[in-house]
Amino acid sequence: MKVKVLSRNPEDYIRGTTSEINRLPRNLDPDLHPFEAAREYTRALNAAKLERVFAKPFLASLDGHSDGVNCLARNPVKVSSVASGACDGQIKFWHLQTRSCQKTVTAHSGFVRGITFSPSGQKLFSVGDDKTIKQWDVDHNEMIEPISTYLHSKMMTGIHHHGKNATFATCGEAVEIWDENRSIPVQTYSWGVDTVHSVKFNPIETHLVAATASDRSIMLYDTRGTSALRKVIMKMRSNTIAWNPMEAFIFSAANEDSNAYTFDIRKLDSPVNVHIDHVGAVLDIDYSPTGQEFVTGSFDKTIRIFPRDRAKSREVYHTSRMQRVFCVTFSGDATYVLSGSDETNIRLWKSHASEKLGPTNPRQRRDLKYSSKLKNQYQHHPEVKRILKHRHVPKLIHKEAKEKRIMLDSIKRKEENMRLHSKPGSMPVIPERKKHIVTVKK
């Protein structure tokens, strides 16, 4: 004889503590829930609205500089440690948790052109208009004098440290590789250009170096050799580049034509993607430690966060007092974005505008995960898409973006008319990704 007995686990319906809500059994049979899709759509719409309601990205302003902030560098070891260099020659060390300045040094006479941390995070290297490279001890409490000073006969415009070894690269009239223990460069690379504006080591393939120059070129070097690898010349000058920390062959360039370009070094004749939202020259760019997105700072007084595989930005940050953004960087945990601008301030932003900072309990985490899944599922529905895409921008930016669209449409219309009234095949259609490349030299 068989007897069927109802068996229930008390943990499934009894509260663990008095602060928990009562648990109710649920039957997930879709026949019992004919309006499930309608309910989920309403929840997705509400989640999208709440995301914009709680989108408050600005956290703090790090005051203290008396001149424009020209460069930023994050400590590779200490997540909460950041250094900044200003146009008056000062370098400041900031602690992000307390949002305070720990140390200030008068490093150079003139602009601080570049700063970079060593892989251990214990040393900082800086270059300035006084034609010197200085090495600083970060952990020393009373840091007045540098550990060592490297003299140079020519002006230097940038510096970047090797990801593993005790070597660093500088740029000016040429790209030079230095050993920390030697007073002269160990290698010099030149490709017939007046000025090299920036130089960056690849964080994965650490023997690769990329540099941007005044002849509108982006040059690639291999420190194991004595000559350059390749050079791609664009229609307008690139100000700086940033390597993807997760994909060794991908880098993005900040260009004067208000676009950012993502390249694959295996095929430089066409960028992988063109990122188009800015309306002014892009002055700086930096990848997130996750490698999934990067942040750009522009002459149009805004910073934008782009997914690495999208042409449009997902976020735009601005304030009424922020001027030209000279430098941007992600924090070491990819939670924050820092921007340094012309009006002497360093601003701290959330990388996700509506993200809740601080501890969350399991119920909150489940709710956030569910809301994120709903927004992802219904992201292409017109109303949800409209809410998620909307970003408020200043009136001037809105007006310039509209003018830019009109100009691009006019150019496109003119090309189509010329093509219609020309001999077939005499005016081939050039893809947008190849329009901005002049040539690739080897």
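Residues numbered from 1 in each chain as written. Predicted model: local features only at pLDDT ≥ 70, side-chain atom pairs only at ≥ 80, totals over all residues. Heavy atoms only, no water.

### Topic: the overall build of the protein
Formally: Only DSSP runs of H or I reaching four residues or more are called helices, and only runs of E reaching two or more are called strands; each is numbered from the N terminus. Under the convention used here, a 1.4 Å probe and the Shrake-Rupley method define accessible areas, while residue burial counts only the protein chains that appear. Here the positive residues are Lys and Arg and the negative ones are Asp and Glu; neither His nor the chain ends is included. Here the site of a charge means atom NZ of a Lys, CZ of an Arg, CG of an Asp or CD of a Glu.
Looking only at helices and strands, one finds four helices and 29 strands in the protein. Projecting the C-alpha coordinates of the protein onto the three principal axes gives extents of approximately 95 × 75 × 50 Å. Carbon and sulfur atoms make up 52% of the accessible area of the protein, which amounts to about 24300 Å² in all. The centroid of the 68 positive side-chain charges in the protein is displaced by 6 Å from the centroid of its 49 negative side-chain charges.

### Looking at a nonpolar patch on the surface
Quick reminder of the rule: Patch membership needs two things, relative accessible area over 30% and no salt bridge, and members are linked within 9 Å if like-charged or within 5 Å if nonpolar (Val, Leu, Ile, Met, Phe, Trp, Tyr). By convention in these notes, a salt bridge is any Lys or Arg side-chain nitrogen within 4 Å of a carboxyl oxygen on Asp or Glu.
Taken together, M1, V3 and V5 make up a surface patch of nonpolar side chains, about 440 Å² in accessible area. For V5, the location among the structural elements is in the segment before α1 (36-53).

### Observations concerning unusual backbone geometry
Filter applied, for reference: For each residue, the accessible area found with a 1.4 Å probe, counting protein chains only, is set against the maximum for its type, and the residue is called buried under 20%, exposed over 50%, and partly exposed in between.
Despite not being glycine, S258 shows a phi value in the positive range, around 75 degrees. Mapped onto the elements, S258 comes out in the loop between β19 (250-255) and β20 (260-264). A residue is classified by how much of its surface remains accessible, and S258, at 7% relative accessible area, is buried. A positive phi angle, near 80 degrees, is found at T344, a position not held by glycine. Checked against the element boundaries, T344 lands in the loop between β27 (336-341) and β28 (346-350).

### Brief notes about the sheet that holds strand β4 (residues 90-95)
Filter applied, for reference: When DSSP finds two or more bridges between a pair of strands, those strands are recorded as paired. As a rule, the C-alpha atoms of each element are fitted with a line to give its axis, helices using only the stretch in contact, and angles between N-to-C directions run from 0 to 180 degrees.
Taking strand neighbours across the sheet as the criterion, the four strands line up as β2-β3-β4-β5 in an open arrangement whose pairing is antiparallel. At either end of the open sheet lies a strand with only one pairing partner, and these are β2 (69-74) and β5 (100-106). Ignoring which end each strand starts from, the neighbouring axes of this sheet average 20 degrees apart. Bridging between strand β3 (residues 81-86) and β4 involves five bridges; their strand directions are antiparallel. Considered in β4, the bridge of V82 is made with W94.

### Examining the UniProt feature "repeat: WD" (unreviewed entry) in the protein
The cut-off we apply is this: UniProt positions are given in the numbering used here, feature names are shortened, and annotations may be inferred rather than shown by experiment.
Those places that UniProt annotates as "repeat: WD" (unreviewed entry) correspond, in this numbering, to residues 62-104, 105-146, 275-306 and 318-359. The straight-line gap between the two end C-alpha atoms of residues 62-104 is 13 Å; of that span, 0% is helix and 56% is strand. Structurally, residues 275-306 comprises 0% helix and 53% strand, and the distance from its first C-alpha atom to its last is 8 Å.

### Thoughts on the pairing of β5
The pairing of β4 with β5 spans six bridges and is classified as antiparallel. Paired with F93 across the bridge in β5 is K103. The turn linking β4 back onto β5 is made up of four residues, and R99 within it adopts a positive phi angle of 55 degrees.

### Section: the sheet that holds strand β8 (residues 132-137)
Strand order in the open sheet formed by four strands is β6-β7-β8-β9, and the pairing between neighbours is antiparallel. On the outer flanks of this sheet lie β6 (112-117) and β9 (148-151), each paired with one strand and no other. Sheet twist, expressed as the mean angle between neighbouring strand axes with direction ignored, is 15 degrees. The pairing of β8 with β9 spans four bridges and is classified as antiparallel. Note that in β9 the partner of Q135 across the bridge is S148.

### What to know about the packing of α1 against helix α2 (residues 362-377)
Using the following cut-off: When describing relative orientation, an angle under 35 degrees is termed roughly parallel and one over 145 degrees roughly antiparallel, while 65 to 115 degrees is termed roughly perpendicular and anything else oblique. Throughout, a contact is declared for two residues whenever any of their heavy atoms are within 4.5 Å. For this scheme, ten residues count as nonpolar: Ala, Val, Leu, Ile, Met, Phe, Trp, Tyr, Cys and Pro. Four count as charged, namely Asp, Glu, Lys and Arg, and the remainder, Gly too, count as polar.
Interhelical geometry of α1 versus α2 gives an angle of 105 degrees and a closest axis separation of 9 Å. Considering their axes alone, α1 and α2 lie roughly perpendicular with respect to each other. Across the interface between the two elements, E40, R43, A44, A47, A48 and E51 of α1 pack against Y370, S371, L374, K375 and Q377 of α2. Residue composition of the contact of α1 with α2, by class: five nonpolar, two polar and four charged.

### Remarks on the packing of aromatic side chains
We apply this condition: Aromatic pairs are defined between Phe, Tyr and Trp rings, using the six-membered ring for Trp, whenever the two ring centres lie within 6.5 Å; interplanar angles under 30 degrees are classed as stacked, those over 60 as edge-to-face, and all others as tilted. Charge-over-ring placement is defined geometrically: NZ (Lys) or CZ (Arg) within 6 Å of the ring centre, and within 35 degrees of the ring normal.
Here the structure, examined in full by the defined rule, presents twelve aromatic pairs. Residues F251 and F263 carry aromatic rings whose centres are separated by 5.5 Å and whose planes lie at 20 degrees to one another, so their mutual orientation is stacked. Note that F251 is positioned in strand β19 and F263 in strand β20, a separation of twelve residues in sequence. Of the aromatic side chains, those joined through ring pairs into one cluster are F125, Y150, F168 and W178. The ring centre of F93 lies 5.4 Å from the NZ or CZ of K103, which sits over that ring. For the cation-ring pair, R266 lies above F249, with the distance from its terminal atom to the ring centre recorded as 3.8 Å.

### Examining the side chain of N345
What counts here: As used in this structure description, the phrase polar contact means that two N or O atoms lie within 3.5 Å; if the pair is within protein, one of them must be able to donate a hydrogen and the other to accept it, and residues adjacent in sequence are counted only when both atoms belong to side chains.
Along the chain, N345 turns up in the loop between β27 and β28. A relative accessible area of 16% means that N345 is categorised as buried. A distance of 3.4 Å separates a polar atom in the side chain of N345 from a polar atom in the side chain of S61.

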